[in-house]
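So the chains spell out like this:
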Number of protein chains: 2
Amino acid sequence: MSHSNLKFIQREQLKVKPKASELGFGKYFTDHMFVMDYSTEQGWYDGRIVPYGPISLDPSAMVFHYGQEVFEGMKAYKTEKEGIVLFRPNMNVKRMNDSCDRLSIPQIDTEYVLSAIKELIKIDQEWIPEGDGTSLYIRPFIIATEPCLGVRAAKQYQLLVIMSPVGSYYKEGIHPVSIYVEDHYVRAVRGGTGAAKTSGNYAAGIKAQEVAKDLGYSQVLWLDGVENKYIEEVGSMNVFFKVNGEVITPELSGSILAGITRDSVIAMLRSWGVPVTERKISVEELFDAHQKGQLEEAFGTGTAAVISPIGSMKWEEQQIEIAGGEIGECAHKLYDSITGIQRGTLDDPFGWRQVVK
Amino acid sequence: MSHSNLKFIQREQLKVKPKASELGFGKYFTDHMFVMDYSTEQGWYDGRIVPYGPISLDPSAMVFHYGQEVFEGMKAYKTEKEGIVLFRPNMNVKRMNDSCDRLSIPQIDTEYVLSAIKELIKIDQEWIPEGDGTSLYIRPFIIATEPCLGVRAAKQYQLLVIMSPVGSYYKEGIHPVSIYVEDHYVRAVRGGTGAAKTSGNYAAGIKAQEVAKDLGYSQVLWLDGVENKYIEEVGSMNVFFKVNGEVITPELSGSILAGITRDSVIAMLRSWGVPVTERKISVEELFDAHQKGQLEEAFGTGTAAVISPIGSMKWEEQQIEIAGGEIGECAHKLYDSITGIQRGTLDDPFGWRQVVK
Ligand SMILES: Cc1ncc(COP(=O)(O)O)c(C=O)c1O
Ligand SMILES: Cc1ncc(COP(=O)(O)O)c(C=O)c1O
């Protein structure tokens, strides 16, 4: 798609870029952003790249009251051979539409939005950090902007894409985290919004995360909302276990996000001949496997950390150590292989890289 | 509390007020709003009444991404004898703090916020409509404003109070609605955020509401998220049934909002000597009661409609008519009694009215 009709208003005075060591996650934003509006009469219209800056909304804008919102998260990398690349971005825009469907938000033209994102990346390419493990995090999101207090789908929306240079997730090298199995608070339930990337799911999880942090754990492992028994996700990541040589991960039950890293991990493991099963996994089964000495590894998967090895898990009165508190072999190999593809230092047999420029 | 330190910036040019016939719900807003900020360093600070108008937020403001938000809804009425009154407003500000607790939002000083609301009402008192059934709807809400992409409790918030003159809920007199029992989509589950007044709960419900509307029903009846069996709420209202002379309503299980109208209805019925029980109620039990000819009435309760009689209910393949599709006696008496207290035409034995001015 040509962008001859994509309006671009350039920032007059470019911002000072932060030092690589100060990046962190989601603290700094680039010079420009993509914005597009929706009305029932016009559909999506007026896509434009403008200087990054505050947005002005009526205090009755529906997003503030009834939470009609969806978002996405992906990363751009600077590679030596191919220049700037994205990792499976088609899956992000496709998933955005799935989220829109659940939230009664009008569908977007995925091709158009993806090409606008690429345009934005090109304009702000100087912002892509080059340090080890760094990247440019891209956050597309849609909010209901109609000024009206009434619980129903809005008639006006705004889609924005903002970008943030982010530091390495693992400043001191990839390391295992401690997990608290949450058996009181619930993140999502089948029939709810758990399979969509929408703000309310995250709001529901903050309290449990604080409780876990206070107890000294770094992430929460969520159980299903119906029986409080089956494993769903860990923090904002999908979760995998290696039990007796087989890798298992919770099936996409309707209350779990269909992670793109999850999908990539499954494909990669299978290409290596490692058996992977998607099914229901109860915490009890897992702790039993540990008792029998069969729980070999556990790790989370997501765009932010790629692979996050789990070193220990606490459930009710039981606390277990996994893989001796070290990074499992499988997690390590997956991390190296996926980040290698993302950063262009490894071949891309799956065709996951997409060149921006 | 004195308001000598409550800053007030008056609007220069007052808006033109809409005609009583055009009011609707939540479409028009008064001349001013109350705003207050929060930072971890200063706590809540800079409470001020300013001209109603757009708010400016960084696109990375956390409310847009992780949905940390709570809100309230109450009404002010113009009465003949006592001037402007509110209905049990202490319960709203108290409930707001309960919602804040679930969403990891800092507590507010309920007395201060309530006095600020009263101040705002006095300033914009000309906006309180006088027509039959009309009132001034008041919407306090808190949003996470910190500009940061990270799933955790924000460090900056804004509390706003906006006000909207609203028309009569029942333009052609109080009338029964048709209800669709939702057995696929789920609004809330125990351990989730259903007991809090937070945006994500409403976002989760929009899709089901659209399905019900398309099938010709005006509201959704929500079942519990665990067993899909027990009745929770109807639309954005609590729900009551009269079965064989006894009034029953779902107990506050943790996934239901503790409605102020619900509380008032229970107190009023008991004062009349009508037995009221709060307990689990399965849809099946209810449809059985109907079969036996014992389901005498059904109605929703909430600030917007006060009492909303239910004339028919559809569940799976069964469609039943309640109270002959008419308004039940109990619902009618409750409606007249509560609105009478609210509008100052009846005595207030419970002390529910609070005079603003
Ligand atoms: C709730 C949740 N689960 C899982 C994931 C992982 O998805 P992805 O691999 O697409 O980043 C995310 C997002 O990163 C998430 O927010
Ligand atoms: C989900 C929900 N349930 C019930 C109610 C009724 O509560 P109240 O009577 O306090 O208005 C409301 C709000 O009006 C609501 O949003």
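Everything numeric here is computed off the predicted structure, so don't read it as measured data.

Engineer: Got a minute to help me understand the site of ligand 1 in this structure?
Structural biologist: Residues and elements named next belong to chain A. The immediate surroundings of ligand 1 are formed by 15 residues, with Tyr202, Glu233, Ile260, Thr261 and Thr303 found nearest. Between ligand 1 and the protein, one listed contact pairs an oxygen atom with a side-chain N or O atom of Arg95 at 2.8 Å. Within the side chain of Glu233, one N or O atom sits 2.4 Å away from a nitrogen atom of ligand 1. Protein chains bury 94% of the 380 Å² of accessible surface belonging to ligand 1 in isolation. Secondary-structure elements contributing two or more residues to the shell around ligand 1 are α5 (260-271) and β16 (295-302). Looking at the shell around ligand 1, its residues break down into four nonpolar, seven polar and four charged.

Engineer: Would you mind going over the domain arrangement of chain A with me for this structure?
Structural biologist: One frequent convention defines the size of an interface as the accessible area lost when the parts assemble. All names here are of chain A. Split by domain assignment, chain A resolves into domain 1 (3-166) and domain 2 (177-342). Look at where the C-alpha atoms of domain 1 and domain 2 centre, and you get two points 28 Å apart. Taken residue by residue, the interface counts 21 residues in domain 1 and 19 residues in domain 2. With both sides pooled, the region where domain 1 packs onto domain 2 buries about 1700 Å², and carbon together with sulfur makes up 59% of that total.

Engineer: Which parts of the structure should I look at to understand the nonpolar core?
Structural biologist: Nonpolar side chains tend toward joint burial in soluble globular proteins. The biggest cluster of nonpolar side chains holds 48 residues, and the ones touching the most others in it are Ile231, Phe241, Leu286 and Met313 of chain B. With six residues, the top contributor of residues to this core is helix α7 (residues 329-342) of chain B. The residues that make up this core include at least three from each of domain 1 (3-166) and domain 2 (177-342) of chain B. Apart from the residues lying within four places of it in its own chain, the contact partners of Met313 of chain B are Ile179, Val181, Leu221, Phe241, Leu286, Phe287, Gln318, Gln319, Ile320 and Ile322 of chain B. Among the nonpolar cores identified, the runner-up in size contains 47 residues, and Tyr170, Ile231, Met237 and Ala289 of chain A belong to it.

Engineer: Mind showing me how you'd approach the relation of the copies chain A and chain B here?
Structural biologist: The operation linking the two copies of the chain is a rotation about an axis combined with a translation along the axis. Placing chain A over chain B gives an RMSD of 0.0 Å and needs a rotation angle of 180 degrees, together with 0.0 Å of translation along the axis. Each copy turns onto its partner about a two-fold axis.

Engineer: Explain a negative patch on the surface to me, please; I cannot follow it from the model alone.
Structural biologist: On the surface, Asp183, Glu284, Asp288, Glu316 and Glu317 of chain A cluster together to form a negatively charged patch. The topology assignment puts Glu284 of chain A in helix α6 (residues 283-291).

Engineer: What is the right way to read helix α4 (residues 199-214) of chain A from this model?
Structural biologist: Think of an α-helix as turning once every 3.6 residues; residues three or four places apart then point the same way. Look at α4 of chain A: 23 Å from first C-alpha to last across 16 residues, which is about the 22 Å you get at 1.5 Å a residue. The principal kink in α4 of chain A, of about 30 degrees, is found at Ile206 of chain A. If you check which residues of α4 of chain A are buried, you get Ser199, Gly200, Asn201, Tyr202, Ala203, Ala204, Gly205, Ile206, Lys207, Ala208, Gln209 and Ala212 of chain A. Buried residues belonging to α4 of chain A abut β5 (69-71), β10 (177-182) and β11 (219-223) of chain A together with α1 (63-66), α2 (89-102) and α4 (199-214) of chain B.

Engineer: Looking at this model, I keep getting lost on the environment of Thr145 of chain B. Mind explaining?
Structural biologist: All names here are of chain B. By the element assignment, Thr145 lies in the loop between β8 (135-144) and β9 (156-166). For Thr145, a relative accessible area of 13% corresponds to the buried category. Here the alpha-carbon distance between Thr145 and Val63, two residues 82 residues apart in the chain, equals 6.3 Å.

Engineer: Explain the pairing of strand β15 (residues 276-279) of chain B to me, please; I cannot follow it from the model alone.
Structural biologist: Side chains on a regular strand alternate between the two faces of the sheet. All names here are of chain B. With four bridges joining them, strand β14 (residues 246-250) and β15 adopt parallel strand pairing. Within the sheet, the bridge partner assigned to Val247 lies in β15 and is Val276. Crossover β14 to β15 through helix α5 (residues 260-271) is right-handed.

Engineer: What is the right way to look at the side chain of Glu72 of chain A in this model?
Structural biologist: Residues and elements named next belong to chain A. Following the sequence through the fold, Glu72 ends up in the loop between β5 and β6 (74-79). Judged by its relative accessible area of 1%, Glu72 is buried. Polar contacts involving the side chain of Glu72 include one to the side chain of Asn92, which spans 2.8 Å. A distance of 2.8 Å separates the side chain of Glu72 from the side chain of Arg95, its partner in a polar contact. Beyond its immediate stretch of four places on either side in the chain, Glu72 contacts Asn92, Arg95, Met96, Tyr137, Ile138, Arg139, Pro140 and Lys197.

Engineer: How should the interface of chain A and chain B be read in this particular structure?
Structural biologist: Contact with chain A, which involves 58 residues of that partner, is made by 58 residues of chain B. For the pair chain A and chain B, the summed buried area comes to about 4800 Å², and 58% of that belongs to carbon and sulfur atoms. Ranking the residues of chain A by area buried against chain B places Pro59, Phe64 and Leu149 of chain A at the top, with a combined share of 14%. Our count for the chain A to chain B interface comes out at two salt bridges. Where chain A touches chain B, the interface holds 26 residue pairs in polar contact (both at pLDDT 80 or more). A total of nine residues in the side of chain A that touches chain B trace back to one element, the largest contributor, which is α4 of chain A. Of the pairings in the sheet, the one linking strand β4 (residues 55-57) of chain A to strand β4 (residues 55-57) of chain B comprises three bridges and is antiparallel in character.

Engineer: Looking at this structure, I do not really get the pattern of salt bridges. What am I missing?
Structural biologist: Oppositely charged side chains can pair when the atoms bearing their charge come close. In the structure shown here, the tally under the stated rule is 36 salt bridges over all chains. For Arg48 of chain A, the salt bridge goes to Asp37 of chain A, with nearest N and O atoms at 2.8 Å. Residue Arg48 of chain A is located in strand β3 (residues 43-51), and its partner Asp37 of chain A is located in strand β2 (residues 32-39); the two are separated by 11 residues in the primary sequence. Since its relative accessible area comes to 14%, Arg48 of chain A is described here as buried. Its relative accessible area of 15% is what places Asp37 of chain A among the buried residues. Across the pair Arg353 of chain B and Glu82 of chain B runs a salt bridge whose closest N-O atoms are separated by 2.6 Å. Taken together, the residues span a long stretch of sequence, with Arg353 of chain B in strand β19 (residues 353-355) and Glu82 of chain B in the loop between β6 (74-79) and β7 (83-87) at a distance of 271 residues. When its relative accessible area of 17% is taken as the criterion, Arg353 of chain B is described as buried. With relative accessibility at 32%, the residue Glu82 of chain B sits in the partly exposed group. What emerges from the salt-bridge pattern is a single network uniting Lys7, Asp37, Asp46 and Arg48 of chain A.

Engineer: Any chance you could explain the packing of aromatic side chains here in plain terms?
Structural biologist: The geometry of an aromatic ring pair is captured by two quantities: the separation of the ring centres and the angle between the planes. Across all of its chains, the model carries 29 aromatic pairs over all chains by this definition. Summarising the aromatic geometry, the rings of Phe71 of chain A and Tyr66 of chain B are spaced 5.8 Å apart at their centres and angled 90 degrees between planes, so their arrangement reads as edge-to-face. Here Phe71 of chain A is found in strand β5, whereas its partner Tyr66 of chain B is found in helix α1 on a different chain. Taking relative accessible area as the criterion, Tyr66 of chain B reaches 4% and is therefore assigned buried. Summarising the aromatic geometry, the rings of Phe287 of chain B and Trp315 of chain B are spaced 5.3 Å apart at their centres and angled 55 degrees between planes, so their arrangement reads as tilted. Of the two residues, Phe287 of chain B is situated in helix α6 (residues 283-291) and Trp315 of chain B in strand β17 (residues 306-315); the sequence distance between them amounts to 28 residues.

Engineer: Sorry if this is basic, but what is going on with empty space enclosed by the protein here?
Structural biologist: Regions of empty space are outlined by a rolling probe, equal in size to a water molecule, passed over the atoms. The final tally for this structure, using the stated rule, is four cavities of 30 Å³ or more. By volume, the largest cavity amounts to about 250 Å³. At the level of secondary structure, the elements contributing two or more residues to the lining of the largest cavity comprise α4 of chain A together with α4 of chain B. Of the residues forming the lining of the largest cavity, the biggest block, four residues, is contributed by α4 of chain B. By residue class, the composition of the lining of the largest cavity is 10 nonpolar, 11 polar and two charged.

Rules used in this analysis
Residues numbered from 1 in each chain as written. Chains lettered and ligands numbered in written order. Predicted model: local features only at pLDDT ≥ 70, side-chain atom pairs only at ≥ 80, totals over all residues. Heavy atoms only, no water. Near = heavy atom within 4 Å. Polar contact = N/O pair within 3.5 Å; in protein donor to acceptor, adjacent residues only side chain to side chain. Areas by Shrake-Rupley, 256 points an atom, 1.4 Å probe, with all protein chains shown as cover. Helix = DSSP H or I, 4+ residues; strand = E, 2+ residues; numbered from the N terminus. Nonpolar A, V, L, I, M, F, W, Y, C, P; charged D, E, K, R; others polar. Domains from an automatic or database assignment. Contact = heavy atoms within 4.5 Å. Buried area = accessible area lost by both parts, 1.4 Å probe. Core = buried A, V, L, I, M, F, W, Y, C linked by side-chain atoms within 4.5 Å. Buried < 20%, exposed > 50% of the residue type's maximum accessible area, 1.4 Å probe, protein only. Least-squares fit on C-alpha atoms with pLDDT ≥ 70 in both. Patch = residues over 30% accessible without salt bridge, like charges linked within 9 Å, V, L, I, M, F, W, Y side chains within 5 Å. Salt bridge = Lys/Arg side-chain N within 4 Å of Asp/Glu carboxyl O. Lys, Arg positive; Asp, Glu negative; His and termini not counted. Charge placed at Lys NZ, Arg CZ, Asp CG, Glu CD. Expected span 1.5 Å × (residues − 1). Bend = angle between axes of the 7 residues up to and from the residue. Pairing = 2+ DSSP bridges. Right-handed = clockwise from strand over helix to strand, strands pointing away. Phe/Tyr/Trp six-rings, centres within 6.5 Å; stacked < 30°, edge-to-face > 60°. 1 Å grid on protein atoms, 1.4 Å probe; cavity = no way out; pocket = protein on both sides within 12 Å on 5 of 7 lines; lining within 4 Å. Points joined across faces, edges and corners; volume = space filled by probe spheres on them.

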